[in-house]
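As a plain string of letters, each chain reads:
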Amino acid sequence: MAVLVTGGAGYIGSHTVAELIDANEDVIIVDNLSQGHRQALLGGKLYVGDIRDSEFMDTVFQENEIESVIHFAAYSLVGESMQNPAKYYDNNVYGTQCLLEKMKAYGTKRIVFSSTAATYGEPQTVPIQETDRTEPTNTYGETKLAMEKMMKWFDAAHGIKYVSLRYFNAAGAHRGGKIGEDHSPETHLIPLILQVPLGKREQVAIYGDDYPTADGTCIRDYLHVSDLADAHLLALQRLRDGGESAIYNLGSGKGFSVKEMIEVARKVTGHPIPAVIEKRRAGDPAVLIASSEKAKSELNWTPKRERLEEIVESAWNWHRDHPEGYTE
Ligand code: UDP
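First, a word on what this report is: a plain description of the structure on this page. Keep in mind the model is a prediction, meaning the values are calculated, not measured. (Residues numbered from 1 in each chain as written. Predicted model: local features only at pLDDT ≥ 70, side-chain atom pairs only at ≥ 80, totals over all residues. Heavy atoms only, no water.)

## Let's talk about the sheet that holds strand S4 (residues 66-71)
And then number 1: The strand order S3-S2-S1-S4-S5-S6-S11 describes an open sheet built from seven strands, whose pairing is parallel. The open sheet is flanked by strand S3 (45-48) and strand S11 (246-250), the only strands paired with a single partner. Each neighbouring strand pair of the sheet contributes to a mean axis angle of 20 degrees, computed without reference to strand direction.
And then number 2: Pairing geometry for strand S5 (residues 110-116) and strand S6 (residues 161-167), over seven bridges, is parallel. Looking at S6, one finds that Thr 116 is bridged to Tyr 167.
And then number 3: Packed onto the sheet, helix H2 (residues 54-63) meets strand S1 (2-6), strand S2 (27-31), S3 and S4 and runs at close to 160 degrees relative to S3. (Pairing = 2+ DSSP bridges. Helix = DSSP H or I, 4+ residues; strand = E, 2+ residues; numbered from the N terminus. Axes fitted to C-alpha atoms, helices over the stretch in contact; angles between N-to-C directions. Contact = heavy atoms within 4.5 Å.)

Written out as structure tokens, the structure is:
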């Protein structure tokens, strides 16, 4: 009996694969390697292919007894999603449809889903609760919400139970030092900040300083990627125990502005890290902070790496050891 991890060679996927391996799970990974990296896998069996490729997915399901799926395979760039919505609907929404159809065909009844705070859009109150309004301000969030909704109806019709995990901002790298964050192109704040002390860029851009926040820059809730990964195993356990479908926020409950993040990185790296103000990035809400009380009480989830300095330091250690990221 195996757990299929789609998109398992990506950033959050690979950290979840690492925790599954530590927990002695039998892990099958499907990744088309459009964003993922072979080197990001600390174990498991990799099938290189696309979740939209029906014959390929038949092979995966026929060669393995898949009892549960953890679904990461998706595009995840807010900016790109605003430029090219069709790309996001095709890979994310249609891709999920293809996956759920295979689960139905092969009788796999459990799925843990990689969702996002971007499903909420501009919050009415913070911290954000799972019952709050979902009105995404960007295409990426809209597709993730559509994927969640699709799971709801596949559950109603076919009894495929799901846990959707709405992540806030994943950050940091694995304790073993072998895996970390490597996107191409890189668009995420922490790796971009760290490119300055690495000598790969002169300065970091701050996308807007006229937001309604104390220092005018956007506030986000940063959570260590391994704490996020842990929650997937707990979600899987909930479903194996016969739990109903559910949605959980995953965040630290604390918000930091872009300027504060740069300041923390200056402390951790000992580098001045010059910053320049640029215009706002389309689709960015001003403040996103999670209430994760539901995950804590129902999944028994406890984040273990809570200090922001520790999170940035783990990212810094990985980037310093892998200045060019993964080589394959
Ligand atoms: N950001 C920034 N400069 C950058 C990259 C990101 O000011 O070079 C801001 C971005 O506008 C957002 C925050 O940093 O407010 C986190 O962005 P990221 O892309 O890391 O994650 P997201 O919140 O989009 O998931």
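Following the structure, the description resumes.
## Here we look at the nonpolar core
And then number 1: With 30 residues, the main nonpolar core has Val 5, Ile 12, Ile 70, Leu 165 and Leu 250 as its most contacted residues.
And then number 2: Broken down by element, the residue count for this core peaks at six residues, all from helix H7 (residues 225-240).
And then number 3: Apart from residues no more than four positions distant in its own chain, Ile 70 is found in contact with Val 3, Leu 4, Val 5, Thr 6, Thr 16, Leu 20, Val 112, His 232 and Leu 236. (Core = buried A, V, L, I, M, F, W, Y, C linked by side-chain atoms within 4.5 Å. Buried < 20%, exposed > 50% of the residue type's maximum accessible area, 1.4 Å probe, protein only.)

## Digging into the pattern of salt bridges
And then number 1: A full pass over the atoms with the stated rule returns 21 salt bridges.
And then number 2: Here Asp 227 and Arg 305 are joined by a salt bridge, their closest N and O atoms 2.5 Å apart. Here Arg 305 lies in the loop between helix H9 (293-298) and helix H10 (308-321) and Asp 227 lies in helix H7, a separation of 78 residues in the sequence. Per residue, the accessibility class of Asp 227 equals that of Arg 305, and both read buried.
And then number 3: Each member of the salt-bridge network shares a partner with another, and the members are Glu 25, Glu 67, Arg 110 and Arg 240. (Salt bridge = Lys/Arg side-chain N within 4 Å of Asp/Glu carboxyl O.)

## Looking at unusual backbone geometry
And then number 1: That bond from Val 126 to Pro 127 is cis: its omega, -5 degrees, falls within 30 degrees of zero.
And then number 2: Residue placement: Pro 127 occurs in the loop between S5 and helix H5 (139-158).
And then number 3: With an omega of 0 degrees, the peptide bond running from Ser 184 to Pro 185 counts as cis.
And then number 4: The residue Pro 185 is located in the loop between strand S7 (169-171) and helix H6 (189-195) in this model.
And then number 5: Of note in the backbone geometry, Asn 24 takes a positive phi value of approximately 60 degrees without being a glycine.
And then number 6: In this structure, Ile 273 takes a positive phi of about 45 degrees despite not being glycine.
And then number 7: Considering the arrangement of structural elements, one finds Ile 273 in the loop between helix H8 (258-269) and strand S13 (275-278).

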